[in-house]
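Working through the structure, step by step
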Amino acid sequence: MAPDRGNNTRPAAEMDIVEEATRPMSSAGDGEPHVKFLPEGRHFTFRGVAAGLLVGLVIVFSNMYFGLQTGWVSMMTMPASLLGFGIFKTLSRHLSFPFSPVENVLVQSVAGGMAIMPLGCGFVGVLPAMEYLMKPSEQGPIHLSMTKLIVWSLGLCYFGVVFAVPLRRQVIIREKLKFPSGFSTAVLIGVLHGKGQTQSSGTLDSSKAGTFGSLALENRPLMDTQIADDEEDRGDMQQTASGQKHSWADNMRLLLISFGISGVYTLCTFFIPALRNLPLFGTVAAETWLWTLNPSFAYVGQGIIMGPETTIHMLLGAVIGWGILSPLAKYRGWAPGPIDDWETGSKGWIVWTSLAIMLADAVISLGYIAFRPLVEYGPSLIFSLKQRYDRDGLRSLFQRRPTGYTVVSSDDTSRPSTAGSDGVGGPSVRARGRAHSLDSFSLKAWDHDDAPPEQLVGTKTVSIGLVVSIIFCVASIHFTFGQLVPLYGTIIAVFMAMLLSIMGVRALGETDLNPVSGISKIAQLFFALIIPQTNKASVLINLIAGAVSEAGALQAGDLMQDLKTGHLLGAAPKAQFWGQIIGATVGAVVSAFIYRLYTAVYEVPGDLFQVPTAFVWIFTARLITGKGLPHMAREFAIGAAVIFAVFTILRTKGLGKRWHAYIPGGIAVAVGMYNVPSFTLARTIGGLMSWYWRARLKREDTPLIVLASGFILGEGFLSIANLILQSAQVPHL
């Protein structure tokens, strides 16, 4: 399943923050011209990287745990920012320089780079399919050594990050795509560092939010620790008086409490495993048809983050799959085996219907994203080219005309820069009229849509990095699988991944959903056409092609969300890029060890880790390589694909309209089908809680997101304790 970013709506305070951030600050008196300044702070610090790695480690454990259970992972960028702020706030009296918003952006970029690795490197889907589900006739099962696991992981973790850099200028600077989660994270960081900003509802002014540093609160110089503490004390007094704003301390307290509650529940489930499957609808429904409730706080938290629309659609998928299709297939003899059997039972039979729904949704959604610009701008482009041809002849069609944008390179000297001979100079204005020691700080003037050239990733770095990362990816796959995977297949997979990444990034920017599940399935479909079915390793090659595409789209989308956050807060893209590289490197290695720990201690697939996405992967590969379907599965799959193709078209055309939420989303319905109902019911409870909090009580989002994040992190991290107890063979009660 596509990863969630850790939130599904924006925090409040958009209007106040945007207005404050974009209000020009005069350089002196009221009669002098207004000047915009670059945010102060160190963009790349070793302490920021260390904090990001620490936070990312907790998220990686959580994502591996939940990914092996249901295929769901989360970037948790907002909790990462909050945890980073809490760490440095606790240590504020021992810091040599203050913790700034741009440094917080680095923390969440590093943590996000680590967080995606369980999904991006295939540990929750592709690798379990290879190691546990492939048959000997398919050249399986393939058990990878730790060395090969690490090499495989590192091979997949770079090229998507590098490829995202040249896309940044198009989707963030020129088109100003929304990237809602990236914007929400920027708002939260602004609130945390804002010193007394009030929170209220409002509407984002997209023209303001699209400029560099537009949410950098007040663009003022950083204060020393004592001044910051003094201002915070005054701000706390104001907050206590109003009783409306949740300070960072309140949020941290809420995070720790929810973390502890979820952690205690997780420990209890080890000693009393029955807590994971409560017979909510009676013992017959539970034992015969698998209708149970897993009252996990973590899954309730996931539902809160997903929101009511997604969770209700998932519940619809569970009702259709487990309440209608499963009994039908059982009684008609189409799935004669036990209900929970993936091969002969209805559990495996309904996966084909969910798979068809996912494919239909992916083809329609990505096709719309790919061809919409051609439909919208094609006629005007043809008309413009015709005018140029009529006016200046054929040669004019091949001459590049100035567009107002400057090509950025590593040795760029044409754009204004803030760096002088001392590395800090350039046009600067000293802030006046500030209390205490603020007069001793200099602000660097900057009034452009993009970051200064020295803060950007140079074209030389991108060019070399892209070539090296592609070669390394191809080499790592060859090292891991040898002659089983042809070289040309790997090369095609990488370049196809980059092409599909463009569509994934655009979908993420417009809808806040990165359709990596659909992207991987499209790659699998394409490879079914170019790899002969007579090839004994066709299933393995198909899995690898999908994994490469998923990894590229996931990494590119994650970095682009982070770059949107940094763009709004004035953080250096270069610092974020290297932070993501570091996070991805550590995350890839750590994920390999965590995966091997879980698979060594627990049965996979088993009661705790059912790895449903692994079955989706292997079923897709077998289907499109000619392995056939169970009886009547083809007819129901085709019917579901047609119906949800229509639904996806309606959802695409109705984006932003009131009735959009009432049209079932294909991916959500499919996930509700291939996951057992116990997870979906818990998520639905969370979704309804979210609806009640936001729609009925009309309360601020941030505390709810913090509560959900604590629930998720608590169970994910305390699963380590359960892992230790399981490996020590401690008996259950």
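First, a word on scope: everything that follows refers to the structure included in this document. (Residues numbered from 1 in each chain as written. Predicted model: local features only at pLDDT ≥ 70, side-chain atom pairs only at ≥ 80, totals over all residues. Heavy atoms only, no water.)

A few points about the pattern of salt bridges
- All told, the structure shown has six salt bridges when counted by the stated rule.
- With its nearest N and O atoms 3.0 Å apart, the salt bridge here joins R596 to E131. Pair noted here: R596 is in helix α21 (residues 573-601) and E131 is in helix α6 (residues 126-133), with a separation of 465 residues, a long-range link.
- Look at E131 and you get buried, because its relative accessible area is 7%.
- Where D250 meets R253, a salt bridge forms, and the shortest distance between an N and an O atom there is 3.0 Å. Residue D250 and its partner R253 are located together in helix α12 (residues 248-271), separated by three residues, close to a single helical turn.
- By relative accessible area, which is 30% here, D250 ends up partly exposed. (Salt bridge = Lys/Arg side-chain N within 4 Å of Asp/Glu carboxyl O. Helix = DSSP H or I, 4+ residues; strand = E, 2+ residues; numbered from the N terminus. Buried < 20%, exposed > 50% of the residue type's maximum accessible area, 1.4 Å probe, protein only.)

Focus: the side chain of T565
- As for its position among the elements, T565 is in helix α20 (residues 538-569).
- You can call T565 buried: its relative accessible area is 1%.
- A polar side-chain atom of T565 sits 2.7 Å from the main-chain carbonyl oxygen of G182.
- Apart from the residues lying within four places of it in its own chain, the contact partners of T565 are V105, Q108, G182, T185, A186 and I189. (Polar contact = N/O pair within 3.5 Å; in protein donor to acceptor, adjacent residues only side chain to side chain. Contact = heavy atoms within 4.5 Å.)

Here we look at unusual backbone geometry
- Residue P605 follows V604 across a cis peptide bond; omega there is -10°.
- If you check the backbone angles, M76 has positive phi at about 55° while not being a glycine.
- Judged by its relative accessible area of 1%, M76 is buried.
- Positive phi, close to 55°, is recorded for K698, a residue that is not glycine.

Focus: the nonpolar core
- One finds M130, F481, L543 and Y598 to be the most contacted residues of the largest nonpolar core, which totals 164 residues.
- With 15 residues, α20 is the single largest residue contributor to this core.
- Each residue touching L543, except ones within four places of it in the same chain, is listed here: V126, A129, M130, M134, Q524, W617, I618 and A621.
- Residues L82, F88, F99 and L188 belong to the second largest nonpolar core, which totals 14 residues. (Core = buried A, V, L, I, M, F, W, Y, C linked by side-chain atoms within 4.5 Å.)

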